[in-house]
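# Close look at the chain arrangement
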Amino acid sequence: MHVLEVKGVTRLFAGLTHPAVDSVSFRVEPGEIFGLLGPSGCGKTTTLRVIAGFESPDSGTVLIREREVISLPPERRNVGFVFQDYALFPHLSVIRNVMFAMKGTPSRLREKRAAELLRMVGLTTVDHRMPHELSGGQQQRVAIARALGADPQLLLMDEPFSNLDVALRDATRREVRALLKEQGLNAILVTHDQEEALSFCDRLAVMNAGRIEQVGTPEEVYHYPRTAFVAQFLGRANLFEGEADGGVAHTTLGRLPIRPEAHGQVLLSLRPEHLVLAEGSGGEHEGEVVAREFRGHDLTYRVRYHDRSLIAHTEYTHSFYPGQRVRLTTREPAVVLRDPNGRTASDRGGAHG
Ligand code: ADP
Ligand code: MG
C-alpha cells in the first residue's frame, strides 16, 4: 500500500508562463522519507500545499493510503505540516503549543503525551518556557513535536532547516532523521539544498520549472542523472557531446564507455571525480591545469583540454599546479543525458543516427 500517491497534479497561477506545478506524479512507500528538491520557484511548496489541502490542483489527484483526499479539507487529511519559520504560537508555552494540535487525544492525556513528544525530539527542560526563549533549533523541534502531536500518517516539511545556522542545521537534521526512522514515520522534505536532500532522504524527486525531471535514490540521481539539469543541480558535472555507438561514444575526450547504450549524437555527463589526472604529457589526451582549489578532503582543478574547460577532482594525495601538463583519463562510463521528455540529442534530430 502506498502512503501517498500524487497523480498528474497541475496547478496554474495567473501571470506565470508555465504551470507552477506541471503534471507531477510520484509515490511514497511505507516508512520512506521522500524529498522534493529543486531551485527556488520550481513548484516544491505548491506541490506540498496541494498534498496538505491548502491549495487545489487544476487537474490531477492525491491519494493518501489509497483514499482520494482531494475533496477533504486539510484537517481531515491526517497530515502534519512543518514550515520554514516554525510558526509557533508566541503567547503559548512550549508544552501548550504541542498540546494545541492533539485533538485526537483525550484532554486528560494531552499534557503527558506532549511531554513525551518533547522528549522524543530531544527537548528536556523547556516545557514551560515561551517560544521566544528558545533557540531556532529548539523552536523547530517544538514545531516538529507539535506536528507529530496530531499523529499524522504523513509529515510534510517545507525547508524546515533553512533558518538554522550551519552548526545547528547539521545536528538538527541528523536527529530529526533518526527520530523519523525510529518511529517509522513517513515524511516529505522540501528543500533547495542538494546536500540536505541527498543525506536526509531515502528517495527524491528533482524538480525544475514545475516538472519532475527524475525520481530515484540519492545514489541514482547523483550517479545516473537523466537530464543536464539534474546533472548540474546535484553537484558539478562536465557536459560534452559525443557520437554514440552502443556502449561507447567518440568524444573530445577520445573513445569513452557510456551508459546506458545509445546511438547517434548524445549529450554526456561526467562527474569531476570520474576524471583522472596523471603526470606527464599524454599526446592526444593532454591537458593543462589552469586553476587549483584546495578543499581539505580533495582538490578541484580546472583543466584546459582541446579548447574546453573541464573540472576534475583528485584526492588530497595528488597535487597538480597551474601550468602543469597532465594526462586525462576517465574511470567511470560517461552518462547519456536526455531532455525532460526523455529524448537524446539524436532523437531530437540533432545529428544522423
Ligand atoms: P518553490 O517552493 O519551489 O520555491 P513555489 O511552489 O513556492 O516554488 O512557487 C512556484 C511558482 O508559483 C513560483 O513562480 C511562484 O512565484 C508561483 N506562485 C506560488 N504561489 C503563488 C500564488 N499564490 N499566486 C501566484 N503565483 C504563485
Ligand atoms: Mg518553497
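Since the structure is predicted, the reported quantities are computational estimates derived from the model, not experimental observations. (Residues numbered from 1 in each chain as written. Chains lettered and ligands numbered in written order. Predicted model: local features only at pLDDT ≥ 70, side-chain atom pairs only at ≥ 80, totals over all residues. Heavy atoms only, no water.)

### Some points on the domain arrangement of the chain
Put simply, the test is: Where each domain begins and ends is defined by an automated method or by a domain database.
Parsing the chain into structural domains produces domain 1 (4-223) and domain 2 (238-336). Taken over C-alpha atoms, the centre of domain 1 sits 39 Å from the centre of domain 2.

### Some thoughts on the pattern of salt bridges
Rule in force here: Whenever a carboxyl oxygen of Asp or Glu lies within 4 Å of a side-chain nitrogen of Lys or Arg, that contact is scored as a salt bridge. Secondary structure elements are defined from DSSP: runs of H or I of at least 4 residues count as helices, runs of E of at least 2 residues count as strands, and each element is numbered from the N terminus.
Taken as a whole and assessed by the stated rule, the structure comprises 19 salt bridges. Notably, a salt bridge pairs R325 with E288, separated by 3.2 Å at the nearest N-O pair. With R325 in strand β17 (residues 325-330) and E288 in strand β14 (residues 286-294), the pair connects residues that are 37 residues apart, well separated along the chain. D339 is the partner of R343 in a salt bridge, and the nearest nitrogen-oxygen pair spans 3.3 Å. One network of salt bridges, with partners in common, ties together R11, R49, E55 and D58.

### Remarks on helix α3 (residues 107-120)
Quick note on the threshold: How far a helix is expected to stretch is found by multiplying one less than its residue total by 1.5 Å. Per-residue accessibility, obtained with a 1.4 Å probe over protein chains only, is compared with the maximum for each type, and a residue is labelled buried under 20%, exposed over 50%, and partly exposed between these values. Note on contacts: a residue pair is in contact if any heavy atoms of the two residues lie within 4.5 Å.
Over its 14 residues, α3 runs 20 Å from end to end, which matches the ideal 20 Å to within 8%, given 1.5 Å per residue. For α3, every residue scored as buried is listed here: A114, A115, L117 and L118. Considering only its buried residues, α3 is in contact with α2 (94-100) and α4 (136-149). Just past α3, the residue G122 takes up positive phi, approximately 85 degrees.

### Brief notes about the sheet that holds strand β4 (residues 59-64)
Note the cut-off: At least two DSSP bridges between two strands are required for those strands to pair. Whenever a helix is involved, its axis is fitted only over the stretch in contact; in every case the axis is a line through C-alpha atoms, and angles between N-to-C directions fall within 0 to 180 degrees.
Ordered by their spatial adjacency, four strands build an open sheet running β2-β1-β4-β5, and the pairing between neighbours is antiparallel. Only two strands of the sheet have a single partner each, and these edge strands are β2 (21-28) and β5 (67-68). Sheet topology note: the strand β1 (residues 4-11)/β2 ladder contains five bridges and is antiparallel. Pairing of R11 across the sheet is with V21, part of β2. Across the sheet, helix α1 (residues 44-52) lies against β1, β2 and β4, angled at about 60 degrees from β2, the strand it touches most.

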